[in-house]
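Listed here are the chains, written in short residue letters.
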Number of protein chains: 2
Amino acid sequence: MPGGITAPDGYKASGVCAGLKPSQKPDLALILAPQDALCTGTFTQSTVRAKCVDVCSERLAKTAGRVRAILVNSGHANACTGDRGLRDSVIATKAVAEQLGLLEEEVLMCSTGVIGEAIPIQKLLEGVKPLINSLDREGGLEAARAILTTDLSPKYISIESFLGDKCVRIGGMAKGSGMIHPSMATMLGFLTCDVSLPKDVWKAMIKRVVNSSFNSISVDGDTSTNDSFLAFAAGEYVDQKYFEDIENGLTIVATHLAKSIARDGEGSNCLIEIKVEGTEKIAEAQIVARKISSSSLVKTAVHGCDPNWGRIIAAAGNAGIPFRLEDVSLWIGKYKLMDNGLPLDVDRQSVSQYMKEIVKGKEKKTLIIHLIIGKGKEKALSWGCDLSSEYVHINADYTT
Amino acid sequence: MPGGITAPDGYKASGVCAGLKPSQKPDLALILAPQDALCTGTFTQSTVRAKCVDVCSERLAKTAGRVRAILVNSGHANACTGDRGLRDSVIATKAVAEQLGLLEEEVLMCSTGVIGEAIPIQKLLEGVKPLINSLDREGGLEAARAILTTDLSPKYISIESFLGDKCVRIGGMAKGSGMIHPSMATMLGFLTCDVSLPKDVWKAMIKRVVNSSFNSISVDGDTSTNDSFLAFAAGEYVDQKYFEDIENGLTIVATHLAKSIARDGEGSNCLIEIKVEGTEKIAEAQIVARKISSSSLVKTAVHGCDPNWGRIIAAAGNAGIPFRLEDVSLWIGKYKLMDNGLPLDVDRQSVSQYMKEIVKGKEKKTLIIHLIIGKGKEKALSWGCDLSSEYVHINADYTT
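Residues numbered from 1 in each chain as written. Chains lettered and ligands numbered in written order. Predicted model: local features only at pLDDT ≥ 70, side-chain atom pairs only at ≥ 80, totals over all residues.

Chemist: Kindly report on the overall build of chain A, identifying the contributing residues and their values.
Modeler: For chain A, the helix and strand inventory stands at 11 helices and 15 strands. Taken over C-alpha atoms, the radius of gyration comes to 21 Å for chain A, in line with the 21 Å a tight globule of 400 residues would show. Looking at chain A as a whole, 60% of its 400 residues are labelled buried. (Helix = DSSP H or I, 4+ residues; strand = E, 2+ residues; numbered from the N terminus. Rg over C-alpha atoms; globule rule 2.2 N^0.38 Å. Buried ≥ 20, exposed ≤ 12 C-beta atoms within 10 Å, placed from the backbone.)

Here's what the structure looks like:
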């Protein structure tokens, strides 16, 4: 269903152009949650984190998750900007709080863009009024557009389902598409839900969901200073028997957003899905899968439509998870290339042709790489994208 | 001084073209050490390691380091080739041993090239005789040429110094230049020395030397299945008072080779040297330095001559080593860009121009990135290279 983060009952959002970015694209977004909303957040594990991330986590703690609004600016990460960075976050959220009639600590702020440059705060403050005036029950897409930086397309989703006779909706939006190797959360991701759950349940659920979605993607192996994922629950409390259904819904939304970030990775031509099976623990499969999706050599091989599976095995071998080569089987798409540790005699040209249909297609398709690395019962997925010359061009000239 | 691995007394080497590679470049090398030589080795920590690596470590254990010769083939890594891979290594070393009058276990074998393809063993065996016939006291350069794959230039060095009245020489050679993020050793590196040291001393010394040299470089963050470093000591026993001098010499040779691998990284235009200071432990500085030298975003920024220092700080923040941003100062070359956590007002164009002189020069120069991240007394260096479109081209089409 359409709507993104404003699809669930009671949420409003908006996005405007405040002139913060030279490109004159939308750069300021606002999410307003219902009065009874509960918010939980996961943030970058980097030693160097932006002051706005500190503001988010402090205010979530202070209000026990009872925050109402999130202001998001794109173009400036507001990281490594010293005391000024903190001051700007406080001033900006204060302006939003005053005009919405909220307490300062009920407003969070997320920033994304270049590290080390201050936000043009005067322009931002001038943008707050039009931003609030355009808050709308159908503003989800505008907000999703305003949080982008090098992304090619906005990333949003909303789903609905009946739990008993109650229609529940979950919405989400996110942005990529460089410095993406999330540790606890993606660069920026937001989720809304129109039923309430007990705080501890919601928090634990979101942690698991983020782990299997945003924490399973990699665009370039670089974790950002600003990674944040914030998830609102609001509305009637839902019966415990539906918790599993809710978590499934959250997983669908978060996985969709995570995959769209990987698919839209800078310079990419396809989404790569890595499926690793046969470990004793889920975490082991996840570590191996993510090591493969992060490998420059795997990513360039996919870009070149080159079935150089040795690089996939080499990457798996470097994940630090023990396995026996004799237990390894490997597929690229429908082609089985290795069976119990031994290469199979497969026509390289056919596999390459198959890869070309995915990588060189007009629309971005998904290349599936599947490994069995043992006899254990657990498995995990990871997503990444190919590494192209375009990635180099984009990143060789981002600030100057 | 000239000579590479054959500069020290008593070593012979050779390199020939056995027709293993389609390019018809030299692809088979041999090192013959003196009768009393002691060899120590460090190998890839990958879960998936080539059978030839197993052969090396088993034979070193069996002979207590008393091996005499190393056969090296380039073009085929002989990894993931199952029982055939092991058989081929055994057959090849047996042929060398017979023709040299050595025991089988006195011959080691290293392989580098494409993973998963068998060595054309018949051609290799036909190459053994000419290879042995051309063994020479001045064969160091021929051997250094025959071990290359995507390297643009051979990598070798030799130094000499008088310890008391005894002239001691150390030689070395290595090859890169993709799948380079060594864990214990580089893809392939060899060192020769014409004095003897007690076995335990030699082993511990080589471990330390490899750690500060080969284990401190990264080209693409991918650790190979075949990484091996083998170091020979032979000749008169040297007095204990010279151990430190010997270790300094070994460090010079290993660091030179490691840096030449990074400098010749696939598609690179410059060497990047990362210097991190101010930690409590050397290992902490090393982890941070290597995280920076491995970052795709730092590497593309350098390629674009873009003083986007935020990416350097972000990479440092993701190394998992705690530090306070307020303690961080950062320089690119002579330009100080951050002081105690605060960005300095430096003209970006000047820094970019300075980077251009290094990155766009005809000869490959070195860009130095220097960070102080605390008040501790330890420091470490790491080396990498810029990430260019050329890297993508090289790696998108390596096997097909």
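Chemist: I'd love a proper account of the packing of helix α1 (residues 51–62) of chain A against helix α2 (residues 82–100) of chain A, names of residues and values included.
Modeler: All names here are of chain A. Between α1 and α2, whose axes approach to 8 Å, the crossing angle comes to 50°. Considered as vectors, α1 and α2 are oriented oblique to each other. In this structure, α1 meets α2 at a crossing whose hand is right-handed. Contacts between α1 and α2 involve Lys-51, Cys-52 and Val-55 from the former and Gly-85, Leu-86 and Ser-89 from the latter. Here the residues of the contact of α1 with α2 are counted per class, giving 3 nonpolar, 2 polar and 1 charged. (Axes fitted to C-alpha atoms, helices over the stretch in contact; angles between N-to-C directions. Parallel < 35°, antiparallel > 145°, perpendicular 65-115°, else oblique. Left-handed = near helix turned anticlockwise from the far one by under 90°. Contact = placed C-beta atoms within 7 Å. Nonpolar A, V, L, I, M, F, W, Y, C, P; charged D, E, K, R; others polar.)

Chemist: With reference to specific residues and values, describe the sheet that holds strand β1 (residues 12–16) of chain A.
Modeler: Strand pairing within a sheet occurs via backbone hydrogen bonds; the two strands may be parallel or antiparallel. All names here are of chain A. If you trace the 4 strands from one edge of the open sheet to the other, you get β1-β2-β4-β5, paired in mixed fashion. Either end of the sheet is taken by a strand with one partner, and the two such strands are β1 and β5 (107–114). Sheet twist, expressed as the mean angle between neighbouring strand axes with direction ignored, is 10°. As paired strands, β1 and strand β2 (residues 28–32) are joined by 5 bridges and run antiparallel to one another. (Pairing = 2+ DSSP bridges.)

Chemist: How would you sum up helix α9 (residues 309–317) of chain B? Please name residues and give values.
Modeler: Each full turn of the α-helix corresponds to 3.6 residues, which orients residues three or four apart in the same direction. The element α9 of chain B is largely enclosed, with a buried count of 9 among its 9 residues. Every buried residue of α9 of chain B is accounted for by Trp-309, Gly-310, Arg-311, Ile-312, Ile-313, Ala-314, Ala-315, Ala-316 and Gly-317 of chain B. The inward-facing, buried residues of α9 of chain B contact β5 of chain A together with α7 (282–294), α8 (296–303), β11 (329–332), β12 (335–339) and β14 (366–372) of chain B.

Chemist: Explain the interface of chain A and chain B to me, and be specific about the residues and the numbers.
Modeler: Chain A puts 53 residues into the contact, and the matching count from chain B is 54 residues. When contributions to the side of chain A that touches chain B are tallied by element, the ones reaching two or more residues are α8 (296–303), α9 (310–317), β13 (342–343), α10 (348–359) and α11 (389–396) of chain A. The element best represented in the side of chain A that touches chain B is α9 of chain A, accounting for 6 residues.

Chemist: Tell me about the sheet that holds strand β8 (residues 188–193) of chain A, and please be specific about residues and values.
Modeler: All names here are of chain A. Here we have 5 strands laid out as an open sheet, ordered β3-β9-β8-β7-β6, and mixed in their pairing. With one partner strand each, in any of the chains shown, β3 (38–43) and β6 (155–163) form the two edges of the open sheet. Neighbour-to-neighbour, the strand axes of the sheet open up by a mean angle of 10°, direction not taken into account. Sheet topology note: the β3/strand β9 (residues 228–233) ladder contains 6 bridges and is antiparallel. Bridging from a neighbouring strand, Phe-43 pairs with Ser-228 of β9.

Chemist: I'd like a rundown of the pairing of strand β7 (residues 166–175) of chain B, residues and numbers included.
Modeler: Residue and element names in this part refer to chain B. Of all 10 residues that make up β7, 8 are buried, and the element is covered over most of its length. Here strand β6 (residues 155–163) runs beside β7; their pairing, made up of 9 bridges, is antiparallel. The residue of β7 that forms the bridge with Ile-159 is Ile-170. Where β6 folds back on β7, the antiparallel hairpin that results is connected by 2 residues, among which Gly-164 adopts a positive phi of roughly 65°. Across 6 bridges, β7 lies against strand β8 (residues 188–193) in antiparallel orientation. Bridge pairing in β8 places Lys-175 opposite Leu-188.

Chemist: Summarise the nonpolar core; cite the residues concerned and give the values.
Modeler: Ile-31 of chain A together with Ile-31 of chain B are the most contacted members of the largest nonpolar core, which totals 262 residues. In this structure, Ile-31 of chain A is in contact with Ile-5, Tyr-11, Ala-13, Ala-69, Ile-70, Ala-143 and Phe-190 of chain A, ignoring residues within four places of it in sequence. (Core = buried A, V, L, I, M, F, W, Y, C linked by C-beta atoms within 7 Å.)

Chemist: Can you break down the environment of Glu-104 of chain A residue by residue, with the values?
Modeler: Residues and elements named next belong to chain A. Within the secondary structure layout, Glu-104 lies in the loop between α2 and β5. What makes Glu-104 partly exposed here is the crowd of 14 C-beta atoms within 10 Å. Residues Glu-104 and Gly-140, 36 residues apart in the sequence, show an inter-C-alpha distance of 23 Å. Not counting chain neighbours up to four residues away, the residues in contact with Glu-104 comprise Thr-93, Lys-94 and Ala-97.

Chemist: Help me get a handle on the domain arrangement of chain A, residues and values and all.
Modeler: Residues and elements named next belong to chain A. Domain parsing of chain A yields domain 1 (4–263) and domain 2 (271–396). Computed from C-alpha coordinates alone, the two centres of domain 1 and domain 2 are separated by 31 Å. The interface is formed by 12 residues belonging to domain 1 together with 13 residues belonging to domain 2. (Domains from an automatic or database assignment.)

Chemist: Outline the relation of the copies chain A and chain B, supporting the account with residue identities and numerical values.
Modeler: Rotating chain A by 180° about the axis while translating it 0.0 Å along that axis superimposes it on chain B, leaving an RMSD of 0.1 Å. Viewed as a symmetry operation, the transformation between the two copies matches a two-fold axis. Minimal C-alpha distance to the rotation axis in chain A is attained by Ser-389 of chain A, lying at 2.2 Å. The overlap is high: 100% of the interface residues of chain A also sit at the interface in chain B, so the same surface is used on both sides. (Least-squares fit on C-alpha atoms with pLDDT ≥ 70 in both.)

Chemist: Would you mind going over the environment of Gly-41 of chain B in detail, with residue names and values included?
Modeler: All names here are of chain B. Along the chain, Gly-41 turns up in strand β3 (residues 38–43). Judged by C-beta crowding, with 25 C-beta atoms within 10 Å, Gly-41 ranks as buried. Residues Gly-41 and Tyr-237 lie 196 residues apart in sequence; the distance between their C-alpha atoms is 20 Å. Residues contacting Gly-41, with those up to four places away along its chain left out, are Cys-56, Ser-57, Leu-60, Ser-228, Phe-229 and Leu-230.

Chemist: Please provide a residue-by-residue account of helix α2 (residues 82–100) of chain B, values included.
Modeler: Residues and elements named next belong to chain B. The first and last C-alpha atoms of α2 sit 28 Å apart over 19 residues, in line with the 27 Å expected at 1.5 Å per residue. Along its buried surface, α2 packs onto β2 (28–32), α1 (51–62), β4 (69–76), β5 (107–114) and α3 (121–133). After α2 finishes, the residue Gly-101 shows a positive phi value of roughly 70°. (Expected span 1.5 Å × (residues − 1).)

Chemist: How would you sum up the confidence of the model for chain A? Please name residues and give values.
Modeler: Note that predicted coordinates carrying low pLDDT should not be read in detail. All names here are of chain A. When pLDDT is averaged along chain A, the result is 91, and 98% of the positions lie at 70 or above. Confidence scores differ between elements of chain A, with α11 showing the lowest mean pLDDT of 87 and helix α3 (residues 121–133) the highest of 98. Scored by ipTM, the complex comes to 0.80, with pTM at 0.84. (pLDDT = per-residue confidence, 0-100.)

Chemist: Describe the pairing of β5 of chain A, and please don't skip the residues or the numbers.
Modeler: Successive residues of a regular strand alternate their side chains across the two faces of the sheet. Residues and elements named next belong to chain A. Counting buried positions along β5 gives 7 out of 8 residues, so the element sits mostly inside the fold. Across 8 bridges, the pairing between strand β4 (residues 69–76) and β5 is parallel. The residue of β5 that forms the bridge with Gly-75 is Gly-113. Read as a crossover between parallel neighbours, the route from β4 over α2 to β5 is right-handed. (Right-handed = clockwise from strand over helix to strand, strands pointing away.)

Chemist: Please provide a residue-by-residue account of unusual backbone geometry, values included.
Modeler: All names here are of chain A. One non-glycine residue with positive phi stands out, namely Gln-24, at about 60°. For Gln-24, the location among the structural elements is in the loop between β1 and β2. The backbone of Asn-340 shows a phi angle near 45°, a positive value even though the residue is not glycine. Mapped onto the secondary structure, Asn-340 falls in the loop between β12 (335–339) and β13.

Chemist: Report on the packing of α11 of chain A against helix α11 (residues 389–396) of chain B, specifying residues and quantitative values.
Modeler: α11 of chain B packs onto α11 of chain A with a crossing angle of 165° between their chain directions and a minimal axis gap of 8 Å. By the criterion of interaxial angle, the relationship of α11 of chain A to α11 of chain B is roughly antiparallel. Taken as a pair, α11 of chain A and α11 of chain B cross one another with a handedness that is right-handed. Touching Ser-389, Val-392 and His-393 of chain A of α11 of chain A are Ser-389, Val-392 and His-393 of chain B, all from α11 of chain B. Here the contact of α11 of chain A with α11 of chain B is built from residues that sort into 2 nonpolar, 4 polar and no charged.

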